[in-house]
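In case you want the letters, here they are:
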Amino acid sequence: MMWLSGGFVFRRGTSAYHKLDPRVKLLISALMFVTTLLVRTIYELAAVLAFFLVVAAIATVLKRVARTMVFTLMFSAFIFVVNVVFTRNVETSVLYAVRFVAIVVSTSLFFITTSPDELEQVMKTFRLPRDVVFAFVTAVRFIPVMMLDTIQIMDAQKSRGLELDKGNIFRRVRNMIPVLIPLVVNSVVRSGELAEAMESRAYGAVPKPTSLVEYHTSARDKAVAVAAVVAFALGAYSFYFILPTQLL
Amino acid sequence: MIEFREVSFVHQNGVKALDGVSLRIESGETVAVVGENGAGKTTLVKQVTGLLKPTSGSVLVDGEDTKSTSTAKLSRKVGVAFQNPDHQLFSESVEEEMAFALRNFGFAPAVVQQRVAWGLELFGLEEYRKSSPLVLSGGEKKRLTLACILAWDPDVVILDEPTVGQDSIQKEKLVGTIGMLRSAGKTVVVVSHDIEFLWPVQPRVVVMKSGRVVGDGPARTLMLERGLLETARVVQPQLVELYQGLKRRPEEPFVDPLEARRWVEEAAGR
Amino acid sequence: MRGGDMADILEIDGLSFRYPDSPKRAVEDFQLTVPEGEIVVLAGPSGCGKSTLLRAVNGLIPHMYGGDYSGDVKVGGASVKESGMRDLAQRVGFLFQNPENQIFMFTVERDVAFGLENLGVSRGDMRERVDEAMRLLGITDLALRAPHELSDGQKQRVALAGVLAMRPKLVILDEPTSLLDPKTAAELVGLVARLRKELGTTFVVVEHRLDLLVKVADRLVVMSEGRKVLEGTPSEVLFGDKAEGYGVAVPAVTRVQKMLVRDGFIPRGGLLTPEELAVAAGGQGP
């Protein structure tokens, strides 16, 4: 759970990266994502990953991203093992494993630096229906609340003798039931209360709701977007056309 | 029985919730912990069963350091009723709910049956034995969580804000239950903003502010210190205010409106 | 902003309501008129139908919850049954009990604007109304904070600001102080009194903790098992004999005052605070 919160929960920041238009941040992470799929050797992947970490450093979120990377290693080790068993090719297995880490880093970078408000803006740009966007924003807004609820529920059940850290995997999963049920029930009750509050504040009254805040794309945002695309193009070109011939 | 030795606690986000708290609660005492929201009352409670461990200092329960044992073991001796019953009810039936903790603590099935029956009867929940705990009313849920705790018969019972959302009839029943626990020799700790409802049991009052204990004494004398209550943002019970207005001698115990009316008459020299 | 004509802002006329899966009626033949600008307190034991009644006033019943509905509720002259939620949301504001579950947005100012966005209010007007509402509630410096960074008292204010931004003439508060400590609760009550004075808004408050409200309320209505059983000024109801029987939490000092008045020890008068009673009985005060 700490891994999830460290790697994907937004926290306010003041770097220039944070201040970029969220669509540009999305573009950068998307390009990063595609890049990880394009590289074909470990060395290139390592260089790409190092580049990601540099960007994370520029965005002043390097510590959190690096920590996420460390936690992801567990899953990537699992991927490595499965691949080695089925393909007997160590090099590609390592590639897939590290690729997974790189993918997590690129998506994590986006979510850590983008506030739910900005996420909403991005979704609106893609012309998603208002109900979907609203449901998403509200869900994200309640993530910290639900995390707190989970801790309180675990405290209450521990106080009734429930041992969450003991036993084999089956025992531990079974012991989660007294934590999951209250969590789910509370979420359902919460939805009901939210629905009442929504109705009481005229949700759905007009087909096109207005918005308090307006988002503008600055010249700087556009410049960064262009630079990102150019960097990607150059990288893709060198990975596909220049480097392989050199290595071969 | 419960001892805090220079306990400080700092949250992960750097906020200091407890600052050098030293406190001793003896067996059989009835203690009320008061203070505004954020004063550290709940943090204090969580230290007793090891849900939180001190950043510095130590907490001892019956001589045992909370750092060296588990919450489950400490909970066998110290039952904590948290504020929100919806954070713990999950079983298919009320009787299953009551059996949960008993089974966790290793009670034999026959004993479990016995204790469940006893608890249901004591709290008037017998008619809901087979019902889902989730469909009970707010007041009934609170009674159920308390019944669950008393079923395993801990030496100490801690209640965290038991009166929130309760009406006056429910509060009266609650203070009656607390009185009963006291007569049974249990140590009772009540964390509450509302000190007035506890008057019939005349608790020892511990006042907290910003993670520190700023006042500690019997209710009847501590509640007279307006300055202290003011800084801790604790509201003086109305009858205490009246009492002070009539300038009575501080040793007199004050219990109820009938008593109060007698003082008024005496104050006027009738 | 106080209206010149003191019309009745709320008229509940013979309202009865039964939920679909319930054999008994939650509200039975309820009658109440509230003139504009009053603060009315609604009290009664748990399960007496208060929540149902509130929802019948703001329109959640019958528009969100169907059931057996008879009688009529009018807010500002418009029938609740016949008006849509869009119209009702602008006439009646509702502050729910749990501050957490009525804040949707990630920043305070956007949540205050929520209702206005839903109504399609223009950005300029919206900005003005949001700023005004935040100023009234004293939360302007919290505008860009996230809800999980706020205390319960602050959350309550944010939710109330969101309600007031829609400029309703009637605001309903459902046990607003139950999760607050006494000092914060007193501050909220003071806030309600101030808003009534500044804006002329009518408030209907459901509350158990009467000691906080008796000084500012104009009227106290007691419900039991779906019916109205007591109504009058707070002193009329609390000095009467029946209040305690209906589970109303008569403040301790009022109980003392009642006994002294009954025995002719002090003259009849308004509800006294502990200080005032001490003085009236011959003490010098603290």
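What you see is a predicted model; the values in this text were computed from it and never measured. (Residues numbered from 1 in each chain as written. Chains lettered and ligands numbered in written order. Predicted model: local features only at pLDDT ≥ 70, side-chain atom pairs only at ≥ 80, totals over all residues.)

1. As for the overall build of chain A
Secondary structure summary: chain A contains 11 helices and 0 strands in total. In sequence order, the secondary structure elements of chain A are arranged as α-α-α-α-α-α-α-α-α-α-α. Dimensions of chain A, computed from C-alpha atoms along their principal axes, come out at roughly 65 × 55 × 30 Å. Put simply, of all contacts in chain A between residues at least 6 apart along the chain, 76% involve residues at least 24 apart. (Helix = DSSP H or I, 4+ residues; strand = E, 2+ residues; numbered from the N terminus. Contact = placed C-beta atoms within 7 Å.)

2. Quick notes on the overall build of chain C
A count of helical and extended segments in chain C gives 11 helices and 10 strands. Taking 2.2 N^0.38 as the reference for a compact globule, 286 residues should give roughly 19 Å; the C-alpha atoms of chain C span a radius of gyration of 20 Å, in line with that estimate. Principal-axis analysis of the C-alpha atoms places the extent of chain C at approximately 65 × 45 × 40 Å. Sequence separation of 24 or more characterises 65% of the internal contacts of chain C that already satisfy a separation of 6 or more. (Rg over C-alpha atoms; globule rule 2.2 N^0.38 Å.)

3. Some remarks on the interface of chain B and chain A
Counting from both sides, the interface comprises 19 residues of chain B and, opposite them, 16 residues of chain A. Looking at the side of chain B that touches chain A, the elements that each hand over two or more residues are helix H2 (71–77) and helix H3 (94–104) of chain B. For the side of chain B that touches chain A, the per-class residue count stands at 11 nonpolar, 6 polar and 2 charged. (Nonpolar A, V, L, I, M, F, W, Y, C, P; charged D, E, K, R; others polar.)

4. A few points about unusual backbone geometry
In this structure, the amide linkage connecting Ile61(C) to the following residue, Pro62(C), adopts the cis form with an omega of 10°. Mapped onto the elements of the fold, Pro62(C) is located in helix H2 (residues 60–63). Positive phi, normally seen in glycine, also occurs at Ala202(A), with a value near 65°. Summarising the element assignment, Ala202(A) is placed in the loop between helix H10 (177–200) and helix H11 (219–247).

5. Considerations on the packing of helix H8 (residues 143–158) of chain A against H10(A)
Residue and element names in this part refer to chain A. Interaxial distance between H8 and H10 falls to 9 Å at its minimum, and their mutual angle equals 135°. With respect to their mutual orientation, H8 and H10 come out oblique. Like other packed secondary-structure pairs, H8 and H10 cross with a definite hand, here right-handed. Judged by residue contacts, Asp149, Thr150, Ile153, Met154 and Gln157 of H8 engage Pro178, Val179, Pro182, Leu183 and Asn186 from H10. (Axes fitted to C-alpha atoms, helices over the stretch in contact; angles between N-to-C directions. Parallel < 35°, antiparallel > 145°, perpendicular 65-115°, else oblique. Left-handed = near helix turned anticlockwise from the far one by under 90°.)

6. Regarding the confidence of the model for chain A
Per-residue pLDDT for chain A has a mean of 86; in total, 94% of the residues score no lower than 70. The secondary structure element of chain A with the lowest average pLDDT is helix H1 (residues 2–8) of chain A, at 64, and the one with the highest is H10(A), at 94. (pLDDT = per-residue confidence, 0-100.)

7. Observations concerning the environment of Arg130(A)
Within the secondary structure, Arg130(A) is located in helix H7 (residues 130–141). In this structure, the C-alpha to C-alpha distance between Arg130(A) and Val98(A), residues 32 residues apart in sequence, is 38 Å.

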